[in-house]
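Structural description and commentary
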Amino acid sequence: MSDDSQVDAQPHCCASWRHGEPTDTDISIQHNQPASSKRESANDLTDVRARISEAVRTVKATTPLAQSFTNFVTINLVANAQLAAGGTAAMSFLPDDVIDTASIAGADYINVGTLLPFYKDALPQIARAFHKAAHPWVLDPVAAGIGATRTEILRSFRAAPPTIVRGNASEIIALATMWGLRDDTVQSTDSTDSTNCATTRPAGVESVDDVDSATVAARQLARFLATSTPHKQAAVAVSGEIDLVTDGERTYRLPGGSAMMTKITGAGCSLGGVTATYLAVSKPLIAALSASLLFNRAGEIAEQQSNGTGTFQPHFLDALWNLTPEQVADSPIIVTQ
Amino acid sequence: MSDDSQVDAQPHCCASWRHGEPTDTDISIQHNQPASSKRESANDLTDVRARISEAVRTVKATTPLAQSFTNFVTINLVANAQLAAGGTAAMSFLPDDVIDTASIAGADYINVGTLLPFYKDALPQIARAFHKAAHPWVLDPVAAGIGATRTEILRSFRAAPPTIVRGNASEIIALATMWGLRDDTVQSTDSTDSTNCATTRPAGVESVDDVDSATVAARQLARFLATSTPHKQAAVAVSGEIDLVTDGERTYRLPGGSAMMTKITGAGCSLGGVTATYLAVSKPLIAALSASLLFNRAGEIAEQQSNGTGTFQPHFLDALWNLTPEQVADSPIIVTQ
Amino acid sequence: MSDDSQVDAQPHCCASWRHGEPTDTDISIQHNQPASSKRESANDLTDVRARISEAVRTVKATTPLAQSFTNFVTINLVANAQLAAGGTAAMSFLPDDVIDTASIAGADYINVGTLLPFYKDALPQIARAFHKAAHPWVLDPVAAGIGATRTEILRSFRAAPPTIVRGNASEIIALATMWGLRDDTVQSTDSTDSTNCATTRPAGVESVDDVDSATVAARQLARFLATSTPHKQAAVAVSGEIDLVTDGERTYRLPGGSAMMTKITGAGCSLGGVTATYLAVSKPLIAALSASLLFNRAGEIAEQQSNGTGTFQPHFLDALWNLTPEQVADSPIIVTQ
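Residues numbered from 1 in each chain as written. Chains lettered and ligands numbered in written order. Predicted model: local features only at pLDDT ≥ 70, side-chain atom pairs only at ≥ 80, totals over all residues. Heavy atoms only, no water.

Glancing now at the nonpolar core. Phe 157 of chain A, Phe 157 of chain B together with Phe 157 of chain C are the most contacted members of the largest nonpolar core, which has 321 residues in total. When sequence neighbours within four positions are dropped, the list of residues in contact with Phe 157 of chain A reads Ile 110, Val 112, Leu 123, Pro 124, Ala 127, Trp 137, Leu 139 and Trp 179 of chain A. (Core = buried A, V, L, I, M, F, W, Y, C linked by side-chain atoms within 4.5 Å. Buried < 20%, exposed > 50% of the residue type's maximum accessible area, 1.4 Å probe, protein only. Contact = heavy atoms within 4.5 Å.)

All names here are of chain A. Neither face of strand S8 (residues 251-254) is exposed, since Thr 251 and Arg 253 on one face and Tyr 252 and Leu 254 on the opposite face are all buried. A loop of 4 residues connects strand S7 (residues 243-246) with S8, the two strands running antiparallel in sequence, and Gly 248 in this loop sits at a positive phi of about 100 degrees. Pairing geometry for S8 and strand S9 (residues 334-336), over 3 bridges, is antiparallel. Paired with Arg 253 across the two strands is Ile 334, which belongs to S9. (Helix = DSSP H or I, 4+ residues; strand = E, 2+ residues; numbered from the N terminus. Pairing = 2+ DSSP bridges.)

Further remarks concern the interface of chain C and chain A. Counting residues at the interface gives 27 residues for chain C, matched by 32 residues for chain A. In this assembly, chain C packs against chain A so that about 2,400 Å² is buried in total across both faces, 60% of it on carbon and sulfur atoms. Residue Arg 150 of chain A is joined to Asp 97 of chain C by a salt bridge in which the shortest nitrogen-to-oxygen separation is 2.7 Å. Joining chain C to chain A, the criterion identifies 11 residue pairs in polar contact (both at pLDDT 80 or more). Those elements that place two or more of their residues in the side of chain C that touches chain A are helix H4 (75-84), strand S2 (88-91), helix H5 (95-102) and helix H13 (309-322) of chain C. (Buried area = accessible area lost by both parts, 1.4 Å probe. Salt bridge = Lys/Arg side-chain N within 4 Å of Asp/Glu carboxyl O. Polar contact = N/O pair within 3.5 Å; in protein donor to acceptor, adjacent residues only side chain to side chain.)

Now for the interface of chain B and chain A. Contact with chain B, which involves 32 residues of that partner, is made by 27 residues of chain A. Summed over both sides, the interface of chain B with chain A buries roughly 2,400 Å², with 60% coming from carbon and sulfur. Ranking the residues of chain B by area buried against chain A places Phe 72, Val 73 and Lys 263 of chain B at the top, with a combined share of 20%. At the boundary of chain B and chain A, one finds 11 residue pairs in polar contact (both at pLDDT 80 or more). Of the residues forming the side of chain B that touches chain A, the biggest block, 4 residues, is contributed by helix H13 (residues 309-322) of chain B. Considered class by class, the residues forming the side of chain B that touches chain A number 13 nonpolar, 14 polar and 5 charged. (Nonpolar A, V, L, I, M, F, W, Y, C, P; charged D, E, K, R; others polar.)

A few words now on the sheet that holds strand S4 (residues 137-140) of chain A. What holds strands together in a sheet is hydrogen bonding between their backbones, with the strands either parallel or antiparallel. Residue and element names in this part refer to chain A. Sheet architecture is open: 9 strands sit in the order S2-S1-S3-S4-S5-S6-S7-S8-S9, paired in mixed fashion. Two strands lie at the open edges of the sheet, namely strand S2 (88-91) and S9, each paired on one side alone. Pairs of neighbouring strands in the sheet enclose a mean axial angle of 20 degrees, with direction left out of account. Where strand S1 (residues 65-69) lies against strand S3 (residues 107-111), 4 bridges are found, and the strand directions are parallel. Each residue of the ladder has a partner; that of Phe 69, found in S3, is Ile 110. Together, strand S5 (164-168), strand S6 (235-239), S7, S8 and S9 form the strand contacts of helix H10 (residues 215-228), whose direction differs from that of S6 by roughly 155 degrees. (Axes fitted to C-alpha atoms, helices over the stretch in contact; angles between N-to-C directions.)

Here the focus is the relation of the copies chain B and chain A. The two copies are related by a screw motion: chain B maps onto chain A through a turn of 120 degrees and a shift of 0.0 Å along the axis, at an RMSD of 0.0 Å. Viewed as a symmetry operation, the transformation between the two copies matches a three-fold axis. Across chain B, the rotation axis passes nearest the C-alpha of Phe 72 of chain B, at a separation of 3.8 Å. Little of the interface of chain B is mirrored in chain A, where only 6% of its interface residues again form contacts. (Least-squares fit on C-alpha atoms with pLDDT ≥ 70 in both.)

On to the UniProt feature "binding site: ATP" (unreviewed entry) in chain A, then. Residues and elements named next belong to chain A. The positions that UniProt labels "binding site: ATP" (unreviewed entry) are, in the present scheme, Arg 166 and Ser 239. A maximum C-alpha distance of 7.5 Å places the annotated residues, which cover 74 residues in sequence, within one compact spot. Looking at the element boundaries, Arg 166 is found in strand S5. Following the sequence through the fold, Ser 239 ends up in strand S6. (UniProt positions renumbered as here; feature names shortened; annotations may be inferred.)

A few words now on the pairing of strand S4 (residues 137-140) of chain C. Residue and element names in this part refer to chain C. The alternating pattern of S4 places Trp 137 and Leu 139 and Val 138 and Asp 140 on opposite faces, both of which are buried. Looking at chain direction, strand S3 (residues 107-111) and S4 are connected through 4 bridges and run parallel. In the sheet register, Tyr 109 faces S4, and the bridge partner there is Val 138. One crossover worth recording links S3 to the parallel S4 by way of helix H6 (residues 119-132), and it is right-handed. As paired elements, S4 and strand S5 (residues 164-168) share 2 bridges and run parallel to each other. (Right-handed = clockwise from strand over helix to strand, strands pointing away.)

Tallied over the entire structure, the rule returns 27 salt bridges over all chains. For Glu 326 of chain C, the salt bridge goes to Arg 57 of chain C, with nearest N and O atoms at 2.7 Å. Taken together, the positions of Glu 326 of chain C in helix H14 (residues 325-329) and Arg 57 of chain C in helix H3 (residues 38-62) put the pair 269 residues apart, joining distant regions of the chain. Take Glu 326 of chain C: its relative accessible area is 38%, and that puts it in the partly exposed class. By relative accessible area, which is 39% here, Arg 57 of chain C ends up partly exposed. Taken together, the shared-partner salt bridges in this structure form one network comprising Asp 44, Asp 247 and Arg 250 of chain A.

For the match of chain C to chain A, the screw axis carries a shift of 0.0 Å, the RMSD comes to 0.0 Å, and the turn is 120 degrees. By residue overlap, the copies meet through two different surfaces: only 7% of the interface positions of chain C are interface positions in chain A.

A word on the UniProt feature "binding site: substrate" (unreviewed entry) in chain A. Residues given the UniProt feature "binding site: substrate" (unreviewed entry) here are Met 91 and Gly 266 of chain A. On the basis of relative accessibility, which here comes to 3%, the residue Met 91 of chain A falls in the buried class. Non-local contacts of Met 91 of chain A, meaning those with residues more than four positions away in its chain, are made with Ser 68, Ile 75, Val 78, Ala 79 and Gln 82 of chain A together with Val 73, Gly 113 and Thr 114 of chain B. Assignment of secondary structure puts Gly 266 of chain A in the loop between S8 and helix H11 (267-279). On the basis of relative accessible area, Gly 266 of chain A is assigned to the buried category, the value being 0%.

Residue and element names in this part refer to chain A. Axis separation between helix H8 (residues 169-178) and H10 bottoms out at 9 Å; the angle between their running directions is 50 degrees. It follows from the interaxial angle that H8 and H10 lie oblique. In the packing of H8 onto H10, the handedness of the crossing is left-handed. Together, Ile 172, Ile 173, Leu 175 and Ala 176 of H8 and Ala 217, Ala 218 and Leu 221 of H10 make up the contact between the two elements. Looking at the contact of H8 with H10 residue by residue, the classes come out as 7 nonpolar, no polar and no charged. (Parallel < 35°, antiparallel > 145°, perpendicular 65-115°, else oblique. Left-handed = near helix turned anticlockwise from the far one by under 90°.)

This is the structure:
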């Protein structure tokens, strides 16, 4: 599952993070910008943290329903993570069921991990219904670039796009490429990019690209979503060594987390599900930031409390359940240009 | 999943329960009835407790097989809960597979949580085969009232009904309504009832009605099942603040449990599965009571041992595994008129 | 699931194992053979242990991808077990997805536990593609003998056979029988065998035969696979009281494990998945031995650390994660003729 998307270099990131540098890193990097933008980004970040705290608090207070159409491998963890974050969960696969339930859900989550034959028609139909109803939803383009059916389904979403896309670097690059958003903007920093999905296909469901290489694709994708979605607001979250979240204009990097999150299946899928839970009560950018920060903090706590990958998962869910809005909002956030 | 059915006011229930009142509550309420029925219900309850103890003991001693056709979200927990209670599990979806396996299973469990297109024909076919073979089965009408396909499937079960129905208040009311059992019996205590499923549809998969409001529907449903099922015996279990179990004649309320059971996905689904495990060795009423009491006691133990929703589940399964027949049978049971 | 395959008499085995006899048992039985073969088997075993150690070490060092087409009950545990052993996981069901991903996977795992209608065509198509590409794969013939569709699918694999078959005694006997490998070789030790699957059908998904009774069938099956698979090497693993692994020529028995492995769902399924992980880096016989030994050691550790079936699973995964190549390779192995 795309949970493996966070393998990458997270160990390094986590190592430095655990070595007590986060606050320094946060502060230093937070101000390591052109003087002209210092105050602006500082004010911006203060406002962002306030809205993240409000989102986390609101979910715990109002238990919003987020519906998921997700893969069979991690569907249980997605539901339990949404419940642990304070929301409620409903999982469905039949279009009539999904569309009927969406009317009482604050947001939806679609994950294309384990496909069945009928999804080829069902998913495009569901995406069109969401688009027509201006219903917010999160897409996890698991293994984008692998399989003709998956590619056909992902291509179809271009006409009825999600509000948020969460994936690993390779998936974000592959999706932006198959949607034709990359042609005239390939940059040197985007070394792995190509119009040939084959070169950016994930190694199975693991990213073969690092987050930096997906920065341009993530911004292009976010800007496309922002202009194409009913609410004209969107976000893209890239999981990896240092998670990236952007709305197309502002880009944030989120250090921390745990390499153990890459050794259980479902960290990425459940992050997508919880992102939908926050999207039910907040704007796309805040929802993506809140979920990623919550997961990174929970991963660090679970790694300290567990003795392996088996005990990591229950401790991870306990941490999702116990973390406070302040603990999430006060996380290190790196503002980039 | 319908596991969320127990959210309701369980916290209050559990709070008072945990405040050491259960025994008092049990005794006082147990005798808080018209004088004329005191001895009768006391004798009845003594016999019921003896049969519950026997059911729990027999499952641990004979590891009966109960087959499940259940949703993808909690299918693993359903199987593990059945194994923890002492039974064995087999999960199947193909009619030929289900019907073939049913011949060596003591009972079956059908949960309509996550539907796939072929279920529309498969589930009615399976129900008819069970009816023809007088094979006992438990139905969990998850999210009854949501989705045209689910409604069509649930309506079809009226002609080949289950032995036991376990659901939340809204699901029980919705099923009794779509089976046309409510028309001439709407009562003031049943304020939320309506022939329009829309008004009793669960909020996603959570109940929007309390258990009391489903009392009449539960009894009507149980009486219908008792007259329609091959063995002429049936039961209905309603999960909520204070669980309700009835065979249509006698109605029991079961205080206790844990609000944490509503914060993991699958408490309700696995309760349905374990009810089928007990149905393989006992009568419907005893099977429904045994499973509900086992789950409430396990929930209380797990809540004390866990630090959140993640560690709650393994401790909950440990409790299902470790609870004795006496601990289950000696649980507080409220006999109502 | 076939995880229940290990119920059988494991308790007895584990009892003696936990009573400190393993080393003695190992040594004594290891040499309890015709004088002529003593040195040979001792040398053979020394080489086998070296290759097991190398396989376990290589997986941890190279995180090979093994793809699974497996049942919905234990799919999450299969993925987490593969990750805990050090590999990476990808689960797929659509032929185009499976065949595309197989090109970047070291081996595949197919488990026929919970069938859907389209598997009837998809699984034979996938097996043919694997055969044509000489792609190694592991088959878990869950509940072989139950259901017309399952039987049709399993029969079809005869023309495009797996590299390794892992199952319980009844499943191995049923598969060898439906492939017509038993006709002229029925032996007295194989008392339960019959050309009528009905008599060897698993009780649901549990074995109704013991491992000894499947010895002949396992060897016949392994020899057939070795002559029919592209690489001309194969293995068969039978889970039970004392696991059996054979390549058709040499047969090994692996004492130990934990009866608790039969009280959670997925021990057998995840063993099949991890066998595929090792098959991605080693020969069939070594892959089957490595996975079975790793699981038996992990089961013993988890049983000591857990307080029931709920806490057993996380401790079991922790043990898979923490066991060293030496701990696995130094396990007791009984060489039989």
